[in-house]
Amino acid sequence: MAGCPASPFAAGPTPVLLTHDLDSPEGLANLVGRFLAEEEAVGARSTSYVVPCAWPLEYTLLDETTARGHELGIHGYNHSNQTPYLPPEVRQERLRAALPLAQRYRMIGYRAPSLVRTRELLRDLVPHYRYDSSIPTSGGLFPVPNNGCASARPFRAEGIVELPVSLPRDGTLRFLGMGAEEILATWIDCADKIARSGGVVVLLTHCEERFSGGRGMLDAYRRFLRWVADSGRFAWSTPARVLDAYLRHERQAA
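Please read all numbers here as calculations on a predicted model, not as lab measurements.

Overview of the environment of Ala152
For step 1, the next point in the chain: Relative to the helices and strands, Ala152 is located in the loop between β5 (131-132) and β6 (155-157).
For step 2, the next point in the chain: For the pair Ala152 and Leu203, spaced 51 residues apart in sequence, the C-alpha separation works out to 11 Å.
For step 3, the next point in the chain: Sequence-distant contacts of Ala152, defined by excluding residues within four places in its chain, comprise Thr137, Pro164, Ser166, Ile194, Gly199 and Val200.

Take a look at the structure:
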């Protein structure tokens, strides 16, 4: 109805991207100690976005993550949520500061801390990254009202391919007072709707204890993984594979 080409994912299976925002040393430690084995048990590999310039990084844990077949991306600069609003030269300086880490781990994607972004920031990402994943499908009042893009499909924004965060974030649902069982039911319901609409399931979780790293939420995450694996309608994927499928479709539609 909007005149857009049909979704390249409509025929299925629906791609599922598991992503983590590593906002602290605790998050990285929990990723390796609690999350990776759960994902590997169902044949999945996740992508974790690392804050590059806020604390000394534990490279042995990052090395282990990639050695086990998981991927890494850049998560802003220092998680102060200021980068999108800084003068252009300062913003560019911060983006350049993250490049050594991005090059070391062949990172091709960016996610803004707290999903705080501007059109200017998205434009500045184009020379450095193949995709961005900072825009949710739907959002509440944080970080700004009407935060969502209303799409679970990749699209271009300011010249870069956007992979929208299409499932509700763990932090948002926790802040709304939802417990692990309700969050699991919400993820399953949303994933089902995304599959029927030709979208891509992108789940954003945090590995800290207060988010998804605690016992109850980790169990909900484990059960969601098993539900996806057993459904027969989904396929574990990576940002690169989804990006390549989108770009092929874009060329064919041109």
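Points about the packing of aromatic side chains
When we look at a pair of aromatic rings, we describe it by the centre distance and by the angle of the planes.
For step 1, the next point in the chain: A complete count under the given rule lists six aromatic pairs for this structure.
For step 2, the next point in the chain: When the centroid spacing of 6.1 Å and the interplanar angle of 70° are considered together, the rings of Phe175 and Phe211 count as edge-to-face. Of the two residues, Phe175 is situated in helix α6 (residues 170-175) and Phe211 in helix α8 (residues 209-213); the sequence distance between them amounts to 36 residues.
For step 3, the next point in the chain: Take Phe175: its relative accessible area is 68%, and that puts it in the exposed class.

Some points on the pattern of salt bridges
For step 1, the next point in the chain: For the structure shown, the criterion picks out 18 salt bridges.
For step 2, the next point in the chain: Salt-bridge contacts for Asp244 lead to Arg130; the nearest nitrogen and oxygen are separated by 2.9 Å. Note that Asp244 is positioned in helix α10 (residues 239-253) and Arg130 in the loop between α5 (119-125) and β5, a separation of 114 residues in sequence.
For step 3, the next point in the chain: Classification of Asp244 by relative accessible area gives partly exposed; the value is 31%.
For step 4, the next point in the chain: Given the relative accessible area of 38%, Arg130 is considered partly exposed.
For step 5, the next point in the chain: Ionic pairing is found between Arg196 and Asp192, a salt bridge with its closest N-O pair at 3.1 Å. Taken together, the positions of Arg196 and Asp192, both in helix α7 (residues 180-196) and four residues apart, correspond to about one turn of that helix.
For step 6, the next point in the chain: Within this structure, Glu38, Glu181, Asp219, Arg222 and Arg223 form a network of salt bridges that share partners.

Overview of the pairing of strand β2 (residues 47-50)
For step 1, the next point in the chain: Burial of the side chains of β2 extends over both faces: Thr47 and Tyr49 are buried on one face and Ser48 and Val50 on the other.
For step 2, the next point in the chain: With four bridges connecting them, strand β1 (residues 14-22) and β2 associate as parallel partners. The partner of Asp21 across the bridge, within β2, is Tyr49.
For step 3, the next point in the chain: Chirality of the crossover, the property in question, places the unit of β1, helix α1 (residues 25-41) and β2 among those that are right-handed.
For step 4, the next point in the chain: One ladder, built from four bridges, connects β2 with strand β3 (residues 71-74); its direction is parallel. Bridging across to β3, Thr47 finds its partner in Glu71.
For step 5, the next point in the chain: After leaving β2, the chain enters helix α2 (residues 59-67) and then returns to the sheet as β3, a path that is right-handed.

Rules and cut-offs
- Here the residue index of a chain counts from 1 through its sequence in written order.
- The predicted nature of this model means local features are confined to residues of pLDDT at least 70 and side-chain atom pairs, given and counted, to a pLDDT of 80 or more, with totals for whole chains, interfaces and linings taken over all residues.
- The basis for every side-chain value is the complete set of non-hydrogen atoms in the structure, without hydrogens or water.
- Secondary structure elements are defined from DSSP: runs of H or I of at least 4 residues count as helices, runs of E of at least 2 residues count as strands, and each element is numbered from the N terminus.
- Contacts are residue-level and defined by heavy atoms, with any inter-residue pair within 4.5 Å sufficient.
- Stacked, tilted and edge-to-face are the three classes assigned to paired rings of Phe, Tyr and Trp, where Trp is represented by its six-membered ring and a pair needs centres within 6.5 Å; plane angles under 30 degrees give stacked, over 60 edge-to-face, the rest tilted.
- The cut-offs for exposure are 20% and 50% of the maximum accessible area for each residue type, with area from a 1.4 Å probe on protein chains only; residues under the lower value are buried, those over the upper are exposed, and the others partly exposed.
- Salt bridges are counted wherever a side-chain nitrogen of Lys or Arg sits within 4 Å of a carboxyl oxygen of Asp or Glu.
- Two strands qualify as a pair provided DSSP detects at least 2 bridges between them.
- By convention, orient the strands away from the viewer: a clockwise path from the first strand over the helix to the second makes the crossover right-handed.

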